[in-house]
Amino acid sequence: GQQASTSEIGSHALRAGDVVFWGSPVYHAGIYVGDDMVIHSLSPDRTVHVAEIKWMGTPSSYGRIK
């Protein structure tokens, strides 16, 4: 559902606030904060933290909220 709410963009166009997705089908999403970093949480009951964009491997796609 989160991915459907975005317009797909390329990695070269990432801006803070864009959504980064992993997997096909998507199994995880994070919010890009700049400098190749994302903010995310592994599950609803876990702490939100900042990590390198490739912490789970190369993202599968990137989106900008419509």
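Residues numbered from 1 in each chain as written. Predicted model: local features only at pLDDT ≥ 70, side-chain atom pairs only at ≥ 80, totals over all residues. Heavy atoms only, no water.

Caption draft 1: Geometry of the pattern of salt bridges. Summed over the entire model, instances satisfying the criterion amount to one salt bridge. D18 is paired through a salt bridge with R64; the nearest N and O atoms lie 2.8 Å apart. Here D18 is found in the loop between β1 (6-9) and β2 (19-22), whereas its partner R64 is found in strand β6 (residues 61-65), with 46 residues between them in sequence. On the basis of relative accessibility, which here comes to 3%, the residue D18 falls in the buried class. (Salt bridge = Lys/Arg side-chain N within 4 Å of Asp/Glu carboxyl O. Helix = DSSP H or I, 4+ residues; strand = E, 2+ residues; numbered from the N terminus. Buried < 20%, exposed > 50% of the residue type's maximum accessible area, 1.4 Å probe, protein only.)

Caption draft 2: Structural view of the pairing of strand β3 (residues 28-34). Here β2 runs beside β3; their pairing, made up of four bridges, is antiparallel. Residue pairing for β3: F21 is matched across the bridge by A29. Following β2, the chain reverses through five residues before pairing antiparallel with β3; G23 in that reversal takes a positive phi of roughly 95 degrees. Pairing of β3 with strand β4 (residues 37-40) involves three bridges; the strand directions are antiparallel. What sits directly across from I31, in β4, is I39. (Pairing = 2+ DSSP bridges.)

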